[in-house]
Amino acid sequence: MAGAVAATVGCVLCGIVICLLLHRFFQRHQSSIYVFEVLNGLKSTSLGLIVSAAATIVLTALWGAQSVPISDAFSLLNGTALAIFSVALLVLRRWKPNPMLVMLASGVAGLLLYS
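Residues numbered from 1 in each chain as written. Predicted model: local features only at pLDDT ≥ 70, side-chain atom pairs only at ≥ 80, totals over all residues. Heavy atoms only, no water.

**Thoughts on the environment of Ala2**
Along the chain, Ala2 turns up in helix H1 (residues 2-28). Residue classification places Ala2 among the exposed positions, given a relative accessible area of 62%. Ala2 sits 45 residues away from Leu47 along the chain, and the two C-alpha atoms are 39 Å apart. (Helix = DSSP H or I, 4+ residues; strand = E, 2+ residues; numbered from the N terminus. Buried < 20%, exposed > 50% of the residue type's maximum accessible area, 1.4 Å probe, protein only.)

Encoded structure:
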């Protein structure tokens, strides 16, 4: 138990300390135009990283690879994964249920359809 607590504290403490230091820095320099512009740049960078991660997940889920030649895109497309994705997206957009339930249902559908 002591080892688990020590490992958790070791993994979490560094992130907490960095966040607290950054918070204090940005609170002290909140009126600085330079800090404002740096934060704007970080927003754009964060968006780019999120879009890149999403694209990687979609490519891996629907094509089974992180890059797909355009000429083979339709032949390599996983129709079952596309159907599960499409139904989940439709359900989320139309009825707005709890996303965790949709993910659970998608996992069950995947287990049933792929086994």
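After that view, the rundown keeps rolling.
**Observations regarding the layout of surface pockets**
Size it by volume and the largest pocket reaches roughly 200 Å³. Taken together, Ile57, Val58, Ala61, Leu62, Ala81, Ile84 and Phe85 make up the full set of residues lining the largest pocket. When contributions to the lining of the largest pocket are tallied by element, the ones reaching two or more residues are helix H2 (33-63) and helix H4 (79-95). A per-element tally of the lining of the largest pocket places H2 first, with four residues. Of the residues in the lining of the largest pocket, the class split is seven nonpolar, no polar and no charged. For the second largest pocket, the calculated volume is near 160 Å³. (1 Å grid on protein atoms, 1.4 Å probe; cavity = no way out; pocket = protein on both sides within 12 Å on 5 of 7 lines; lining within 4 Å. Points joined across faces, edges and corners; volume = space filled by probe spheres on them. Nonpolar A, V, L, I, M, F, W, Y, C, P; charged D, E, K, R; others polar.)

**Observations regarding the environment of Ala54**
Among the structural elements, Ala54 can be located in helix H2. Taking the C-alpha atoms as reference points, Ala54 and Val12, separated by 42 residues in sequence, lie 25 Å from one another.

**Focus on unusual backbone geometry**
Even without being glycine, Lys96 reaches a positive phi, approximately 50 degrees. Positionally, Lys96 belongs in the loop between H4 and helix H5 (99-114). The exposed category is assigned to Lys96, whose relative accessible area is 61%.

**A look at the packing of H4 against H5**
Following both chains from N to C, one finds H4 and H5 inclined at 155 degrees, their axes separated by 10 Å at the closest point. Between H4 and H5, the angle is such that the two are roughly antiparallel. As for the relative orientation of H4 and H5, their crossing is right-handed in sense. Within the contact between the two elements, H4 uses Thr80, Ala81, Ile84, Ala88, Val91 and Leu92 and H5 uses Pro99, Val102, Ser106, Ala109, Gly110, Leu113 and Tyr114. (Axes fitted to C-alpha atoms, helices over the stretch in contact; angles between N-to-C directions. Parallel < 35°, antiparallel > 145°, perpendicular 65-115°, else oblique. Left-handed = near helix turned anticlockwise from the far one by under 90°. Contact = heavy atoms within 4.5 Å.)

Purely geometric numbers; function is a separate question.
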